[in-house]
Amino acid sequence: MPPRLAVFGLSISDDSHVSEVLSVCIREIENRPIHKLKYIYKMEYNQRVVDSLCLSFEFGAHLVDLSTINVYNVAGVVKEYLSRVRKQRKDCDNCVNYW
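Residues numbered from 1 in each chain as written. Predicted model: local features only at pLDDT ≥ 70, side-chain atom pairs only at ≥ 80, totals over all residues. Heavy atoms only, no water.

The helix and strand inventory of the chain stands at three helices and two strands. Residues classed as buried in the chain amount to 34% of the 99 residues present. A sequence separation of at least 24 residues applies to 80% of the contacts in the chain between residues at least 6 apart. Accessible area of the chain: about 7100 Å², with a carbon and sulfur share of 53%. (Helix = DSSP H or I, 4+ residues; strand = E, 2+ residues; numbered from the N terminus. Buried < 20%, exposed > 50% of the residue type's maximum accessible area, 1.4 Å probe, protein only. Contact = heavy atoms within 4.5 Å. Areas by Shrake-Rupley, 256 points an atom, 1.4 Å probe, with all protein chains shown as cover.)

Following this line, the structure appears as structure tokens:
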């Protein structure tokens, strides 16, 4: 049995469901005025704010209020999440192939 994968304290499954972290962040991004979304995933974000948000997501996505957070920091959470998922998957694949 492969090791259980988790990012932000949430398990990663192989089913087609979208992660609660992604769902909450993308919903918030889509609720913002379109003129504020220019180059959203290319802009830099505040790493301290993103790290704090990532930690907050570990306690539950329903507890995180993104309405006052800069949209680039919300996009930063999405990028950080996807990066960690990719790393976890790669590490898991290497682990399974090793054994």
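Next comes the rest of the account.
A few words on helix α1 (residues 20-31). Helix length check: α1, at 12 residues, gives a terminal C-alpha distance of 16 Å against a target of 16 Å (1.5 Å per residue), a fit within 8%. The complete set of buried residues in α1 reads Val-21, Leu-22, Val-24, Cys-25, Glu-28 and Ile-29. For α1, the N-terminal capping position is held by Ser-19, with its side-chain oxygen 3.1 Å away from the main-chain nitrogen of Val-21. (Expected span 1.5 Å × (residues − 1). Polar contact = N/O pair within 3.5 Å; in protein donor to acceptor, adjacent residues only side chain to side chain.)

Scanning the entire structure with this criterion turns up two salt bridges. Note that Arg-32 is salt-bridged to Glu-28, the shortest N-O span being 2.8 Å. Classification of Glu-28 as buried rests on a relative accessible area of 15%. Salt-bridge contacts for Glu-80 lead to Arg-84; the nearest nitrogen and oxygen are separated by 3.0 Å. (Salt bridge = Lys/Arg side-chain N within 4 Å of Asp/Glu carboxyl O.)

Given a rise of 1.5 Å per residue, 12 residues ought to cover 16 Å, and the 17 Å separating the end C-alpha atoms of helix α2 (residues 47-58) matches this to within 8%. Every buried residue of α2 is listed here: Val-50, Leu-53, Cys-54 and Phe-57. Buried residues along α2 cover an arc of 100° about the axis, so they all sit on one side. One or two positions beyond α2, positive phi appears at Gly-60, with a value near 135°. (Arc of directions from axis to C-beta.)

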